[in-house]
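# Understanding the architecture of this molecule
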Amino acid sequence: MRHLAVDARQEIDLKVGVAFTRFQTSYFQGKYGNLDSRVISYGPCQTPTLGFCVQRYLQINTFKPEKFWSLHPYIIQNGYEIQLEWQRGKLFDINVAMMFQKLVSEDGLLEVTEISEKQETKSRPVGLNTVNLLKVASSALGFGPQMAMQLAERLYTQGFISYPRTESTAYPPSFDFCGVLSAQTNNPIWGNYVQGLLTSGYQQPRLGTDAGDHPPITPMRSAAEDMLGNDAWKLYQYVCQHFIGTVSPDCKYIRRKVEFSIGGESFHCTGQHVVTNGFTAIMPGWL
């Protein structure tokens, strides 16, 4: 049934795209002098996305910044400088903000009023789809969408990763996790970690979303940097580490909050202490 749904979706997208492209191209002929109206393409997915982009563009351009002020005292603890957060957040009146600054400065005595702790869990990621791959490529790897997809498609055609265009984050029931993990045991960076998962037992992935297209993006065979080149290796490395992260334990940590009082004003700071690294051992920076 899944392949029938995929075929139906592809046929609908094609027919809608062709029909509206023909209509738009005909309608806009000669309407605007600077518009290249030879072909004005319509995409059932791309066009709504363009609407979101335009909406965000208008929000940014009509935004009117407003000055605000806030108090952020610093304390030194064990040689580390810690910035405190003000309970009031921010004020839009500089005179009132200066009044509170004077009260705090003249008091000079910081009192700890409460210390609280809470154990929390950061869940391992779901399977990797195209949107999330492009987000990470842009924010962490420094690749634009076009370059990221070119690299991903090259890795796919060379057999290093699965098909990189997918909306799904759920693995199919028949997915061979053991086989994919075993192919990574000889990697010099994460091979020992993967072997530990196979020995102690890997976790079942979280339930993701099955969009009815292709499985999440996963590594298909082992590779080294000298085989792929620097840029392709960075993307391949993330795909591998993300997949390994999906079958790793959750990260568990303790969040500690310390509340202070000075000059009648309340401040606080928070910190985290990792108890179990879980998937963050293979995907650092996720906590």
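Now for a look at the structure at hand.

Definitions and limits used
- Residues numbered from 1 in each chain as written.
- Predicted model: local features only at pLDDT ≥ 70, side-chain atom pairs only at ≥ 80, totals over all residues.
- Heavy atoms only, no water.
- Helix = DSSP H or I, 4+ residues; strand = E, 2+ residues; numbered from the N terminus.
- Buried < 20%, exposed > 50% of the residue type's maximum accessible area, 1.4 Å probe, protein only.
- Contact = heavy atoms within 4.5 Å.
- Areas by Shrake-Rupley, 256 points an atom, 1.4 Å probe, with all protein chains shown as cover.
- Lys, Arg positive; Asp, Glu negative; His and termini not counted.
- Charge placed at Lys NZ, Arg CZ, Asp CG, Glu CD.
- Expected span 1.5 Å × (residues − 1).
- Disulfide = S-S within 2.5 Å.

If you tally the helices and strands in the protein chain, you get nine helices and six strands. Dimensions of the protein chain along its principal axes, counting C-alpha atoms only, are 70 × 65 × 40 Å. Expressed as a percentage of the 287 residues in the protein chain, the buried residues total 32%. If you take every contact in the protein chain between residues at least 6 apart in sequence, the share linking residues at least 24 apart comes to 71%. Surface exposure of the protein chain reaches about 18,300 Å², of which carbon and sulfur atoms provide 54%. Across the protein chain, the 25 positively charged side chains and the 25 negatively charged ones have centroids separated by 6 Å.

Given 3.6 residues per turn, any residue in an α-helix points the same way as the ones three and four places further on. Over its 17 residues, helix α9 (residues 230–246) extends 25 Å from the first C-alpha to the last, a length consistent with the 24 Å expected when each residue adds 1.5 Å. Most of α9 sits inside the fold, with 14 of its 17 residues counted as buried.

Throughout the structure, instances matching the rule amount to zero disulfides. Cys-178 carries a free sulfur, and the closest cysteine sulfur to it, the one in Cys-240, is 16 Å from it.

On to the environment of Phe-100. Residue position: Phe-100 is located in helix α3 (residues 94–107). Judged by its relative accessible area of 9%, Phe-100 is buried. C-alpha separation for the pair Phe-100 and Gly-264, spaced 164 residues apart in sequence, amounts to 9.2 Å. Here Phe-100 is in contact with Leu-71, Trp-86, Arg-88, Leu-91 and Glu-265, once residues within four sequence places are set aside.

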